[in-house]
Each structure stands twice: as C-alpha cells, then as structure tokens.
Amino acid sequence: MATHDHPRCIACDELREESEAASRAKDDFFLTLSHELRGPLNAITGWVHVLRTRVLVDPLATRAVETIERNVQAQARLITDMLDISQVITGKLRLVHRSVDLAALVTESARSLGPSSDGREIRVETESTVGTISADPDRLRQVMDNLLHNAMKFTPEGGRITVRVVGNATNVVIAVQDSGTGIRPDVLPHVFERFWQDESRTQVGGLGIGLAVVRHLVELHGGSVSAASEGENHGATFTVTLPVREQVPSPDGDSFAAAAESESAR
Amino acid sequence: MTELVRHYIMVIEDARDERDAAQLILEIAGYQVTAVANGEQALSYMRAADPPPCMILLDLMMHGTNGWEFRTEQLRDARLAPIPVVVCSGDGRLTEKALALGIVGQLMKPIDPTALLRLVGEHCHLHRRLDATMPTTIDGHEGAESFTHRIG
C-alpha cells in the first residue's frame, strides 16, 4: 500500500475498515461462542433432569442417554476446532500420517452423524478404485465431520446430503453435496475464512471456524478444498482434493511430522 | 393418562434436543406443552388455537423467524400481546436484550430446570387467575406448587 504515490488516505481508510471488520468479527465470535457452547450444555442439563425426575420407560431412557452423548460430542468437536485454530495460528499443528482407508473413514463419519440428522438423508457413494492413502486419519476424520456438520447445518429437515469419493492414481476427491440453502456468489469466496460468518445467516449459529479448520487441515495434507453453489436455495458442494502419496508411512506415524510442521509454519 | 391443566405452555426453540428437553421437563411437572421450532410456527399455532398459552418460553437465536421477530409480531397482535414471555438464550449479553424485549423473565442456558419450573409456576398460575377473575393484583408466588400438580 505504501508503494502508491497518492493513496495514503485510501490506504488509511482501507486499514481502518479492515481493522474494524476484524474487531466486529471478534465480537461476533465471542457472542456466538457463548451461544454455541451453551446450546449443547442446555440439552445435556435438561435431559439429565428428565432422567433424574422420573423412572423412564426404556425407549425414552435410551433416547435421553443418546441425546446427552450426541451433545457431548458436539461440544467436544467445537472445543477441538477452537484449539486447532489456535494451533494453526501458531503453526504448531502436526500431522501423524498413516495408511488410511478413505472409504471406510468417510462412511464412519456419515454414520456417526446419522443420529443427529433429523430426517436428512445422508448418502455415501464410493468408487471402488479408491483404496488407502497416506494421511492423518484423525485429522481427515475431522475434515469429514466438519464438512458433514456444515452441510447439515444449512440443509433443512428432509433434505439430502450426498458424499462422493472418487480417485485415480494421483488424487482422491471427496465431494460433499447438500440440497440446502446454498451460498450467494458474493459470499462464496469467504466461506473458508477464519471467524467469518455470513451475516444474513447468523441465526444458524456457528463460530466460523469449522470450514477454516477444514481448509488448513486439507492444505497440511498437500490438498485443496473448494466450495461451489448455484446460488441461494440451490444447495452447495464442498470438494476436497487430496494427493495419493506413494510413500509408505512408518509404523510410528512420524514420517510426515517434520514436513507438516514446516508447512504449517509458512 | 391423568387430566392435565387446561392452559398450555408454548415452547419456541429450534434446537430439537433442547426443545424436547424443555417440553419433557414441563410435561413431567404436569403442564401441557406445545413445542415448535420457530416464531412463525408459534404465531400461526396461537392464532388458530383458543385459548392462548399461559406462557411463552422463547429462544432468541433461531432458524426462520427468530426470537426478536417473533416478539415484535406478538406485540402487534392484540390477543397475543399480553401473554407473558420468558426468554431463554445462550447469549452472554442477555439482560439488556431481555429488557429491550419487555419480557417477564429470562433464563440463561444451560437452563436450571428448577428455576424454569419456578418461573412457569408463577406466571401460569397468575395467568390462570387472570383468566378467571381478571384481578389487577399480582400475588401468584405461593400458588405455584398446586398448579404443577396433575388434576385427578
């Protein structure tokens, strides 16, 4: 900005606007953080009370326990994402590569989200050519969980989410397509930005870190992620492309840690 | 099933696990509950149903018609405007927002079930007496317990 002859004030204005936008984003972040952490706690507290106050017949007791578990998981995912963002910012996030059965990982992620799908159909289609890849299974699982969670958040009850996994000799591609509210073209370039939320959809909640974590984790794997949508109410597709590494990871899984560290520190 | 109290409580909450928990807590205590996922559903239900609910338990941040929009619409409707509203929210700045909404009570999430039942007891009891005799005094506190008991 300083290299321009004239635009000192323009640069000032731009900087001020940037700083004000960052400040607003932080305010929104902490406001939403409170909302997001208290929601699952509220469900847990309520269902524990229900369990305590009555000898429940079995189906309802089972549901109480499942609801509590699901909300504990939701809150754990949120806290994991927050810690990860902090690690990403400080360049401390390390990958532990192993041999990963991608189809199994994607299927398991979809299965675990099933109980909270509220009538949304989650379908997984895997090409038989997709085998194992070298990746950090925990982080890849987090990528999948976040993408599916995001898709569910913007897909009304009764909607459909389809995960397609295809692969060739060099790349695997995971596409998560939903029939939900879609993304406006002006919003599309921002969806992977940290702490960023579509202002028109703040009621949906979320911290604006889930997709940012997805992007960072995918990039640490040497891959890329993109979002596409035909516009509002036309659904959205998030596509992750990962390289198929030839290298066989070491059993203790540390072989890529150094590389991951240098990548994350850039 | 025993006969329940005549008036129902309207629960407006978009998160299903939270909505179901609130409904069960209130039903176990003996209240009749209608639970919906957003403000629009609540408005259309209440406009069609008679009598109106004795109280509204309102979440603020919701998909669809949110708590603010609901409250604005409620106050525009002469029949629905007097129904007491208790706001439940995970918003840390609840107090000032609750005051701005002109509501009778607020509960910070996670909601303390005992506090919820106390608030409901107060306002539903009061509302029932208002319906019966239209008194202008407010002294509904001591009667909360009997109101939560199932009749019959």
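How each quantity is defined
- Once a new chain begins, its residue numbering starts again from 1 and follows that chain's sequence as written.
- All chains are assigned letters beginning at A, and all ligands numbers beginning at 1, according to the order in which they are written.
- Only residues with pLDDT of at least 70 are given local features in this predicted model, and only at 80 or more are side-chain atom pairs given and counted; all residues enter the totals for whole chains, interfaces and linings.
- As a convention, hydrogens and water are excluded, and side-chain values are obtained from all of the structure's heavy atoms.
- Under the scheme used here, helices are H or I runs from DSSP no shorter than 4 residues and strands are E runs no shorter than 2 residues, and both carry numbers assigned from the N terminus.
- Burial classification: accessible surface area is computed with a 1.4 Å probe over protein chains only, and a residue below 20% of its type maximum counts as buried, one above 50% as exposed, and the rest as partly exposed.
- Contact between two residues is taken to exist if any of their heavy atoms lie within 4.5 Å; hydrogens are not considered.
- For the area figures, the Shrake-Rupley method with a 1.4 Å probe applies, and any residue is considered shielded solely by the protein chains shown.
- By definition, no residue in a patch forms a salt bridge, and every one has over 30% relative accessible area; like charges are joined within 9 Å, nonpolar side chains (Val, Leu, Ile, Met, Phe, Trp, Tyr) within 5 Å.
- A pairing counts as a salt bridge when a side-chain nitrogen of Lys or Arg comes within 4 Å of a carboxyl oxygen of Asp or Glu.
- The convention is simple: Lys and Arg are positive, Asp and Glu are negative, and His and the chain ends are not counted.
- Think of each charge as sitting on NZ of Lys, CZ of Arg, CG of Asp or CD of Glu.
- pLDDT runs from 0 to 100 and stands for how confident the predictor is about each residue.
- For two strands to count as paired, DSSP must find a minimum of two bridges between them.
- Under this scheme, a helix contributes an axis fitted over its contacting stretch, all axes are lines through C-alpha atoms, and angles between N-to-C directions fall in the 0 to 180 degree range.
- Defined in terms of a 1.4 Å probe, buried area is the accessible area two parts forfeit on being brought together, summed over both.
- As used in this structure description, the phrase polar contact means that two N or O atoms lie within 3.5 Å; if the pair is within protein, one of them must be able to donate a hydrogen and the other to accept it, and residues adjacent in sequence are counted only when both atoms belong to side chains.

A.B. asks: Break down the overall build of chain B for me, with residues and values.
C.D. replies: Across its full length, chain B carries 6 helices and 5 strands. Traced from its N-terminal end to its C-terminal end, chain B shows the element sequence β-α-β-α-β-α-β-α-β-α-α. Going through the 152 residues of chain B one by one, you find that 57% of them count as buried. Pairs at least 24 residues apart make up 64% of the contacts formed inside chain B by residues separated by at least 6 positions. Of the accessible surface of chain B, which amounts to about 7,000 Å², a share of 54% is contributed by carbon and sulfur atoms.

A.B. asks: Quick one: what's the story with a negative patch on the surface, residue by residue and with numbers?
C.D. replies: Residues Glu14(A), Glu17(A), Glu18(A) and Glu20(A) make up a contiguous surface patch of negative charge. Its location among the elements puts Glu18(A) in helix H1 (residues 8-53).

A.B. asks: Just give me the short version of the confidence of the model for chain B, but keep the residues and values in it.
C.D. replies: Residues and elements named next belong to chain B. In this model, chain B carries a mean pLDDT of 77, and residues with pLDDT of at least 70 account for 74%. Mean pLDDT across the elements of chain B bottoms out in helix H6 (residues 144-148) (29) and peaks in strand E1 (residues 8-12) (95). In this model residues 1-5 is a low-confidence stretch, pLDDT under 50, and it forms 15 contacts with partners more than four residues away in sequence or in other chains. The low-confidence segment residues 126-152 (pLDDT under 50) makes 39 contacts with residues lying over four places distant or belonging to another chain. On the interface metric, ipTM, the complex scores 0.72, and its pTM is 0.67.

A.B. asks: Provide a residue-level description of the side chain of Lys109(B), including the pertinent values.
C.D. replies: Mapping Lys109(B) onto the fold places it in the loop between strand E5 (105-108) and helix H5 (113-133). Among the residues examined, Lys109(B) registers a relative accessible area of 3% and is labelled buried. Among all residues touching Lys109(B), those that are not within four sequence positions of it are Arg38(A), Asn42(A), Glu13(B), Glu18(B), Asp59(B), Cys88(B), Ser89(B) and Gly90(B).

A.B. asks: Kindly report on the sheet that holds strand E5 (residues 171-178) of chain A, identifying the contributing residues and their values.
C.D. replies: All names here are of chain A. The strand order across the open sheet formed by 5 strands is E2-E4-E5-E7-E6, and the pairing between neighbours is mixed. Pairing within the sheet leaves two strands with one partner each, and these edge strands are strand E2 (121-126) and strand E6 (224-228). Between one strand and the next, the sheet's axes are offset by a mean angle of 15°, whatever the strand orientation. Alignment of E6 against strand E7 (residues 236-243), held across 5 bridges, turns out to be antiparallel. Looking at the pairing, Val225 lines up with Val240 of E7. Where helix H4 (residues 137-153) meets the sheet, it contacts E2, strand E4 (160-167), E5 and E7, and its direction lies at approximately 25° from that of E5.

A.B. asks: Please provide a residue-by-residue account of the sheet that holds strand E3 (residues 55-59) of chain B, values included.
C.D. replies: All names here are of chain B. With parallel pairing, the 5 strands of this open sheet are ordered in space as E2-E1-E3-E4-E5. Each edge of the sheet is formed by a strand with only one pairing partner; in this case those strands are strand E2 (32-36) and E5. When strand polarity is set aside, the average angle formed by the axes of neighbouring strands in this sheet is 20°. Sheet topology note: the strand E4 (residues 85-89)/E5 ladder contains 4 bridges and is parallel. Note on E5: the bridge partner recorded for Cys88 is Leu107. Docked against the sheet, helix H1 (residues 16-28) engages E1, E2 and E3, running at close to 170° with respect to E2.

A.B. asks: Account for the interface of chain B and chain A, naming residues and giving values.
C.D. replies: Listed per partner, the contact involves 24 residues of chain B and 25 residues of chain A. For the pair chain B and chain A, the summed buried surface comes to about 2,300 Å²; carbon and sulfur atoms form 58% of the total. Considering only the side of chain B, the residues that lose the most area to chain A are Asp17(B), Ile28(B) and Met61(B), jointly responsible for 27% of the buried surface there. A salt bridge links Arg63(A) to Asp20(B); its shortest N-O distance comes to 2.4 Å. Counting every contact that joins chain B to chain A gives 7 residue pairs in polar contact (both at pLDDT 80 or more). Broken down by secondary-structure element, the contributors of at least two residues to the side of chain B that touches chain A are H1 and H5 of chain B. The element contributing the most residues to the side of chain B that touches chain A is H1(B), with 8 residues.

A.B. asks: An account of the pattern of salt bridges is requested, with residue identities and associated values reported.
C.D. replies: Residues and elements named next belong to chain B. Counting across every chain of the model gives 17 salt bridges over all chains. For the salt bridge of Arg47 with Asp77, the shortest nitrogen-to-oxygen distance reads 3.0 Å. One end of the pair, Arg47, is in helix H2 (residues 39-48); the other, Asp77, is in the loop between helix H3 (67-76) and E4, with 30 residues separating them in the sequence. Overall, Arg47 belongs to the partly exposed group, its relative accessible area being 43%. One salt-bridge network, held together by shared partners, links Glu13, Glu18, Asp59 and Lys109.

A.B. asks: Any details on the pairing of E5(A)? Residues and values, ideally.
C.D. replies: Residues and elements named next belong to chain A. Bridge count between E4 and E5: 7 bridges; the pairing is antiparallel. Paired with Val165 across the bridge in E5 is Ile174. Two successive antiparallel strands, E4 and E5, enclose a turn made up of 3 residues. In this sheet, E7 lies alongside E5 in antiparallel orientation, the contact comprising 8 bridges. The residue of E7 that forms the bridge with Val173 is Thr241.

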